[in-house]
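Here is how the chains run, residue by residue.
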Amino acid sequence: MTNTHTDLRLQPNYPVWHPFTPLMGASTELEVVKAEREFLHLAGGRVLIDAVSSWWVNLHGHGHPAIAEAISKQASTLEHVIFAGFTHQPAVTLAQRILDILPGAHSKVFYSDNGSTAVEVALKMALQYWHNLGTPRTSIIALSGAYHGDTFGAMSVADRNPFNAPFAPLLFEVQQLDLTPTDDIWAPLDGSDQHTIQQMEKILAQSKPAAFIYEPLVQGSAGMRFYKAALLTRLLELAQQHQVITIADEIMTGFGRTGPLFASEHLTKNTPELSPDIICLSKGLTGGFLPLGVTTCKDHIQQAYRQEDIMATFFHGHSFTANPISCAAALASLDLLQADHCSAQRQQLSASLASFTQSLQAHPAIAHVRHLGCVLALEWKSSDKTGYFNEARHRLYQWCIDRNVLLRPLGNVLYIIPPYCISEDSLQRVYAVIKELLAELQ
Ligand SMILES: Cc1ncc(COP(=O)(O)O)c(C=O)c1O
């Protein structure tokens, strides 16, 4: 095929500023002209396998006709309306569908625009809960390695790292617990976990924190880092004993990524009382088609807002709150997610990732390999520190892109989190590219 395409980036004064991308140096953005299933079609004819679900948002494949059709239908019926003083069926139906599948009895759904705003809403909802009760609590407990988004509240409860360093003086203080990663979420507690538990006990003995926020069992941006279910169980028990509001950030883990629909279910299937008080969702919510965030809460949280006093109102909202088109996309995506076909796809994907994990165990170039549900991560041995700025990421990324596979390593951690519809052939291609890279590095 002849390449008649003009490279967009060669325009004089390329006008776009890309996220997480240095402005200095050669830009390497590839232009995508079309996408279907797990494939990204580039200008000029190349086709890449999207093995990271486009920043973990895509569930059922790009351009899924059922979602595209729901969007088109909704756009020509009601595209948007102010959500204060007005309501609409897609928002109400979606809220009920979400409440029906969440772990624990949640009673309200608050809409926003993306993952970061869902977290901001959660933090503000928890803090104002205490304010409304007349017993203010203002501190938040968070985990080391955490990432909750790029707005100020979300940055404040994240790990303090080079990403948020320029804003450090403006971020509010949090009480951070040290977290030790594991490759097996079911491993028994050890000394380092006891240390985390003791930190939590000390904080609770000395203060009355408002909330505890956590990514359940898998910290995505930290490098698909796992931590132990037994540790999270103990931390949640302690939080509950001290009436600390528990906030699960399921933005990455939600909608089946770790096996069950929500990662919290790994715990709640045996101990339902450990369901979080507040849950944040986004990313896969619309199947990866449109931005939408939701923050849900249990009944006692919203009860603190049911007061005659107008000042007990939750004064928070976004112009596009509960956008009907986004809600329609989410409803279509949930239909797909809850169909037997999707459960079968997720099981097949998980089994395939499990056998690839097995084949990598004890590889001399790999320090760690871990797998949970539809997520696999492998950590390259490196003389540099493990983390986003580990220089290996450039080489690993480019190697895969050159072979038509999109994997976007977090430093020396390469991970696979594909759309559930990915074919076994495509997976084998992804594995082959990784294996070639391992051979090359030996
Ligand atoms: C766990 C978690 N929380 C929050 C966010 C922020 O979501 P968004 O990028 O939609 O603002 C992310 C994004 O990667 C995430 O992984």
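Residues numbered from 1 in each chain as written. Predicted model: local features only at pLDDT ≥ 70, side-chain atom pairs only at ≥ 80, totals over all residues. Heavy atoms only, no water.

So, about the pattern of salt bridges. All told, the structure shown has 10 salt bridges when counted by the stated rule. Residue D193 is joined to K228 by a salt bridge in which the shortest nitrogen-to-oxygen separation is 2.6 Å. Separated by 35 residues along the polypeptide, D193 in helix 6 (residues 191-206) and K228 in the loop between strand 9 (225-226) and helix 7 (229-241) bring together distant segments of the chain. The two residues D193 and K228 agree in class, both being buried. By sharing partners, the salt bridges in this structure join E36, R37 and E38 into a single network. (Salt bridge = Lys/Arg side-chain N within 4 Å of Asp/Glu carboxyl O. Helix = DSSP H or I, 4+ residues; strand = E, 2+ residues; numbered from the N terminus. Buried < 20%, exposed > 50% of the residue type's maximum accessible area, 1.4 Å probe, protein only.)

Looking at the ligand, the residues that line it are W56, N114, G115, S116, Y147, H148, G149, E215, D249, I251, M252 and K283. Between the ligand and G115, the relevant distance is 2.9 Å, taken from an oxygen atom to a main-chain nitrogen or oxygen of the residue. K283 places a polar side-chain atom, nitrogen or oxygen, 3.0 Å from an oxygen atom of the ligand. A total of 390 Å² of accessible area belongs to the ligand in isolation, and the protein chains cover 83% of it. (Near = heavy atom within 4 Å. Polar contact = N/O pair within 3.5 Å; in protein donor to acceptor, adjacent residues only side chain to side chain. Areas by Shrake-Rupley, 256 points an atom, 1.4 Å probe, with all protein chains shown as cover.)

For strand 14 (residues 375-380), the buried fraction is high: six of the six residues fall into the buried class. Both faces of strand 14 are covered, namely the face carrying V375, A377 and E379 and the face carrying L376, L378 and W380. Bridge count for strand 13 (residues 366-372) against strand 14 is six bridges, and the pairing is antiparallel. Its bridge partner lying in strand 14, H371 is registered against L376. Between strand 13 and strand 14, which pair antiparallel one after the other, the connecting turn spans two residues, and G373 there sits at a positive phi close to 60°. Bridge analysis of strand 14 against strand 16 (residues 413-416) gives four bridges, and the strand direction is antiparallel. Across the sheet, residue L378 finds its bridge partner in strand 16, namely L414. (Pairing = 2+ DSSP bridges.)

A separate point is the nonpolar core. Ranked by size, the top nonpolar core spans 97 residues in total, and within it Y111, F212, L378, L407, I416 and I434 carry the most contacts. When sequence neighbours within four positions are dropped, the list of residues in contact with F212 reads I141, L143, L177, M200, L232, L235, L236, A239, V244, I245, T246 and I247. Within the second largest apolar cluster, 27 residues are counted, among which are A126, C297, A304 and Y305. (Core = buried A, V, L, I, M, F, W, Y, C linked by side-chain atoms within 4.5 Å. Contact = heavy atoms within 4.5 Å.)

Our next topic: the sheet that holds strand 7 (residues 211-214). The strand order across the open sheet formed by seven strands is 4-12-11-10-7-5-6, and the pairing between neighbours is mixed. Strand pairing shows two members of the sheet lacking a second neighbour, strand 4 (106-112) and strand 6 (175-177), which therefore form its edges. Between one strand axis and the next, the sheet turns through 20° on average, direction left out of account. Relative to strand 11 (residues 278-281), strand 10 (residues 245-249) runs parallel, the two sharing three bridges. The residue of strand 11 that forms the bridge with D249 is C280. Across the sheet, helix 6 lies against strand 5 (140-143), strand 6 and strand 7, angled at about 160° from strand 6, the strand it touches most. Each of strand 5, strand 6, strand 7 and strand 10 is contacted by helix 7, which is oriented at about 160° to strand 7, the strand it contacts most. (Axes fitted to C-alpha atoms, helices over the stretch in contact; angles between N-to-C directions.)

So, about the packing of helix 2 (residues 65-75) against helix 10 (residues 324-337). Between helix 2 and helix 10, whose axes approach to 8 Å, the crossing angle comes to 150°. Viewed along their axes, helix 2 and helix 10 adopt a mutual orientation that is roughly antiparallel. The handedness of the crossing between helix 2 and helix 10 comes out as right-handed. Of the residues in helix 10, those touching helix 2 at A66, I67, A70, I71, Q74 and A75 are P324, I325, A328, A329, A332, S333 and L336. Partitioned by chemical class, the residues of the contact of helix 2 with helix 10 number 11 nonpolar, two polar and no charged. (Parallel < 35°, antiparallel > 145°, perpendicular 65-115°, else oblique. Left-handed = near helix turned anticlockwise from the far one by under 90°. Nonpolar A, V, L, I, M, F, W, Y, C, P; charged D, E, K, R; others polar.)

Another point: helix 3 (residues 89-101). An ideal rise of 1.5 Å per residue puts 18 Å on 13 residues; helix 3 measures up with 19 Å between its terminal C-alpha atoms. Buried residues of helix 3: P90, A91, L94, A95, I98, L99 and I101, and no others. On the buried face of helix 3, the contacting elements are helix 2, strand 4, helix 8 (265-268), strand 11, strand 12 (293-298) and helix 10. (Expected span 1.5 Å × (residues − 1).)

So, on to the domain arrangement of the protein. Considered domain by domain, the protein is made up of domain 1 (8-51 + 342-441) and domain 2 (68-337). Its C-alpha centre places domain 1 at a distance of 27 Å from the equivalent point of domain 2. Taken together, the 20 residues of domain 1 in the interface contact 25 residues of domain 2. Of the roughly 1,800 Å² buried between domain 1 and domain 2, counting both surfaces, carbon and sulfur atoms make up 66%. Our count for the domain 1 to domain 2 interface comes out at one salt bridge. Among the salt bridges present, the one from D183 reaches R370, with a minimum N-O distance of 3.2 Å. Connecting domain 1 to domain 2 are nine residue pairs in polar contact (both at pLDDT 80 or more). Of all the secondary-structure elements, those providing two or more residues to the side of domain 1 that touches domain 2 are helix 11 (340-360), strand 13, strand 14 and strand 16. (Domains from an automatic or database assignment. Buried area = accessible area lost by both parts, 1.4 Å probe.)

The next subject is unusual backbone geometry. One non-glycine residue with positive phi stands out, namely S53, at about 50°. Its location among the elements puts S53 in helix 1 (residues 53-56). Taking the relative accessible area as the measure of exposure, S53 reaches 0% and is therefore buried. Of note, the phi angle at L217 is positive, near 65°, even though the residue is not glycine. Here L217 lies in the loop between strand 7 and strand 8 (218-219).

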